[in-house]
Structure formats: C-alpha cells, structure tokens
Amino acid sequence: MPRILIIDDEKAIRNTLKEILEFENYTVDQAEDGPAGLDLLIQQKYDVVLCDIRMPKMDGLEVLTRAQAMGTDAAFIMVSAHGNIETAVDATKKGAYDFLSKPPDLNRLLVTVRNALDRTKLVTETKTLKKKLSVTKGSEMVGNSAALGAVRKAIEKVAPTDARVLITGPNGAGKEMVARQLHELSNRANGPMVEVNCAAIPSELIESELFGHEKGSFTSAVKQRIGKFEQADGGTLFLDEIGDMSLSAQAKVLRALQENKITRVGGEKEISVNVRVLAATNKDLMQEIADRNFREDLYHRLSVILIQVPALNDRREDIPDLIQKFLNDIAADYGNKPKKVAPAALEYLKGLDWRGNIRELRNVVERLVIMSDDTISEGDAKAFAGK
C-alpha cells in the first residue's frame, strides 16, 4: 500500500488531507513541521510527500533540499496558500514533482498524487534494474569459486539493509570491492560513498578527518573543515583499516554510531548525521581487544554482520578468470589488444603462493604484459612473476 507523508504546520489542513487520502486507501503519516518530517523520512520510506512551503522552524523548500540530500526517492508535492508562478517554478527547479495551491482542488489533488506515485514507482524500478545489470568498473568481483560465492550471497542479503558490516581478510584480498558493492546495491546508492584509510592518517589528525573541526580549534585550523561523517550524510562511510584507529577516535566513533550525532573538533554544536558505516580490517580484532588496542563495545557496534573475504590462495580456481580480466583492463588502458596466456603459464601462475592476493596478481600480470610477446609463455611467467 502506498505510503504518504503530510508535512504542514496547520493541524486542520493535515487532518483534512489525511482523511481524503485514507479514503483512497493510502497509508498516511503526519508531521507538524520540517524537522519532524525529516525525522520520519529517516525512519520510514515514503512514496509521496505533501509539504507546505511556509512553516516555522524550517520552510518547505529547505525540507525538500535536505530530503534530496538524504537520498529519498519520494516525490515531493509542494503546497502553499501564498503560491504564485515564481514559487512554483522555484520549487520545481529544486526537485519538486508538482505544486498545489491551498486549499487544493480535490480532483487535482488525487490526480497529482496518483501521477506522483507512478513517478516514484518508475524511479524505484529503474534503480533496481541498474543495480541488477551493472556494478561500476573496479568493484566487480571476478570468479566462480565457492568461497567467493559465499561472499556474494552475503552481500546480496545485507546490501539492501542499513546494517553495519565489518569486512575482514588479508591485505589485497578485495575488502574495498566488497564495501563498494554493499554501497552500490544498497538503497543509498545515489548518495555518496566516502572512504577513510584509518592507517594512513596520523592519530592526532584522525578526529579532525572524521568529524571536522572549527576555525581556530588548533594551530593549523585556519578555516572550518567538514569531516567525513558529514560528507557521507545520506550515503555510506567506509572506514578501512579500522584496527589502526586510535582509542580516543574509537570512543568518538562509538558515540556517533550510538546517537547518529557528531561534534566537530573545537565545536559544541551537535550535528545529526544519517550514515551507514562499513568497516574493514586485516587484523584479528578479538586479539586487539585482548591487547587493549581496540574497544570491545565498538567491535560489537560495527560487526552486526561479518563478511570474511578469502585469501587468493584459498580460491585458486578463480585465478584464470582474474588474469583474463586484468589482461583486458590493461589492454584497454594501453590501447592494445589483450595478450594471451599459454596454458602451461596459467598452470604455473595458479600454483604460486599469492601472499599479496589479488593486488599482487594484478601487478604480476601487468609486468608480464610489458615484458612478454603476444603470448605469455611459461618461461615468461617463471622469469617475470618475481617468485
């Protein structure tokens, strides 16, 4: 049953619209102002929103802008007793589906709502098809092994939810690819995916990187900075190498996950954020907890779902497919035809110890492409694989 949200500060208008729409068998919720409406949009998926333009606390156009930033698919129908052509054009430019004057004509209201529902259905179907038909280049998971199949199955089940996921596995195994697919197949796919490599940022700067800072909060803070949590609002935040994060930063991340609020370094204002957090690590976090290097409460917050990415040595049957993909990608980058690999060379490469996993295999294939003739022989593989 279609779900509709009415945002209007006039109770009589809300009740009248609710009665009319419920008579048409729609499920209807109400909000008395913009902030309350945005809270409901975070908690519940709506097909259509009827939103007043002139309201206290937050006007309807700001509600529209914030809802779009959150990635909502709901069609917004703006309503106003003070409407004119200029207001209607402005609302449409900002993404509103249509504009109605108060009091709305009953027939016009119902026709507009039906058309808006058709539009929302079309948008949802299009997004679903795009998710099924394509995954962006660079995040494609190649191979047909049982180990990789288990990872794919977990992604398929978890991606449409907002559950937090902890991705574990050795360096170079493809943890970032798993995170990208979780985002691209989620309901947040139109929102941003912001990545943070916790191991690459000095411990004294990680809090500023994640939460931002206010001007003058420390010596080099010459202007305000928006942190990664705010940048990822409405989308996904990927915390790579979470096991390398300092304990003080862990405490703040825990608070952000508990309350969906952050505070910039040097600031006092709490900022609400709507972010799905994915995390990855190559460390044994249970051992890190035992060694007092990682907070157990944060581990349990992050690991609602655990996905273990297998090492390449544990799925050697995928190596031929991966090599072929890398040959095609490298040929496209260089503007050449893909080179071939002799069967004996392929068998030799399958038998090597790939401690660097997929990343190491990719580097070896590129080296072989550069150093070999049109067909990569077993001798080439032995000479240039670097083993």
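Rules behind the numbers
- Residues numbered from 1 in each chain as written.
- Predicted model: local features only at pLDDT ≥ 70, side-chain atom pairs only at ≥ 80, totals over all residues.
- Heavy atoms only, no water.
- UniProt positions renumbered as here; feature names shortened; annotations may be inferred.
- Helix = DSSP H or I, 4+ residues; strand = E, 2+ residues; numbered from the N terminus.
- Pairing = 2+ DSSP bridges.
- Axes fitted to C-alpha atoms, helices over the stretch in contact; angles between N-to-C directions.
- Contact = heavy atoms within 4.5 Å.
- Core = buried A, V, L, I, M, F, W, Y, C linked by side-chain atoms within 4.5 Å.
- Buried < 20%, exposed > 50% of the residue type's maximum accessible area, 1.4 Å probe, protein only.
- Right-handed = clockwise from strand over helix to strand, strands pointing away.
- Salt bridge = Lys/Arg side-chain N within 4 Å of Asp/Glu carboxyl O.

Draft legend 1. Quick peek at the UniProt feature "domain: Sigma-54 factor interaction" (unreviewed entry) in the protein chain. Mapped onto this numbering, the UniProt entry annotates "domain: Sigma-54 factor interaction" (unreviewed entry) at residues 141-370. When the span residues 141-370 is considered, its composition is 42% helix and 15% strand, and the gap between its end C-alpha atoms is 25 Å.

Draft legend 2. Representation of the sheet that holds strand E6 (residues 165-168). One open sheet holds the 5 strands; their spatial order is E7-E10-E13-E6-E14, and the pairing between them is parallel. What marks the edges here is a single partner per strand, and that holds for strand E7 (193-197) and strand E14 (305-308). The mean inter-strand angle of the sheet, taken between neighbouring strand axes irrespective of direction, is 20 degrees. Packed onto the sheet, helix H6 (residues 146-158) meets E6, strand E13 (276-281) and E14 and runs at close to 155 degrees relative to E14.

Draft legend 3. Summary view of the sheet that holds strand E4 (residues 75-80). Reading across the sheet, the 5 strands line up as E2-E1-E3-E4-E5 and stay open at both edges, with parallel pairing between neighbours. Two strands lie at the open edges of the sheet, namely strand E2 (27-31) and strand E5 (98-101), each paired on one side alone. Averaged over neighbouring strand pairs, the angle between their axes works out to 20 degrees when direction is ignored. Taken together, the 4 bridges between E4 and E5 define a ladder with parallel strand orientation. Counterpart to Met78 in the pairing with E5 is Phe99. Those strands touched by helix H1 (residues 11-23) are strand E1 (3-7), E2 and strand E3 (48-52), and its axis lies near 170 degrees from that of E2. In the packing of helix H2 (residues 34-43) onto the sheet, contacts are made with E1, E2, E3 and E4, and the angle to E1 comes to roughly 160 degrees.

Draft legend 4. Up close: the nonpolar core. Core analysis: the biggest nonpolar cluster contains 31 residues, and Leu210, Phe229, Leu239 and Ile242 have the highest contact counts within it. Among the secondary structure elements, those contributing two or more residues to this core are E7, helix H8 (206-211), strand E10 (236-240), helix H10 (247-259), E13, helix H11 (285-290) and helix H12 (296-302). Broken down by element, this core gets its largest block of residues, 5 residues, from H10. Once residues lying within four places of it in the same chain are set aside, the contact partners of Phe229 are Leu210, Phe211, Leu237, Ala256, Ile262, Val273, Val275 and Val277. Listed in part, the 24 residues of the second largest apolar core include Leu5, Leu41, Ala88 and Ala96.

Draft legend 5. Geometry of the pairing of E1. With 4 of its 5 residues buried, E1 lies for the most part within the structure. Sheet analysis places E1 next to E2, joined by 5 bridges and oriented parallel. Residue pairing in the sheet places Leu5 in a bridge with Asp29 of E2. Once the chain exits E1 it traverses H1 before rejoining the sheet at E2, and the crossover so formed is right-handed.

Draft legend 6. Looking closely at unusual backbone geometry. Cis geometry marks the peptide bond from Lys102 to Pro103, where omega comes out at -15 degrees. Of note, Pro103 is situated in the loop between E5 and helix H5 (106-133). Although it is not a glycine, Asn260 sits at a positive phi angle of roughly 55 degrees. A positive phi angle, near 60 degrees, is found at Asn357, a position not held by glycine. With respect to the helices, strands and loops of the structure, Asn357 is situated in helix H15 (residues 357-371).

Draft legend 7. Quick peek at the pattern of salt bridges. Per the counting criterion, the structure on display carries 29 salt bridges. One salt bridge in this structure joins Glu207 and Lys252, with 3.1 Å as the shortest N-O distance. Taken together, the residues Glu207 in helix H8 and Lys252 in helix H10 connect sequence positions 45 residues apart. Two residues, Asp297 and Arg295, come together in a salt bridge whose shortest N-O distance is 2.8 Å. Classification of Arg295 by relative accessible area gives partly exposed; the value is 28%. Several salt bridges share partner residues, and in doing so they unite Asp8, Glu10, Asp52 and Lys102 into one network.

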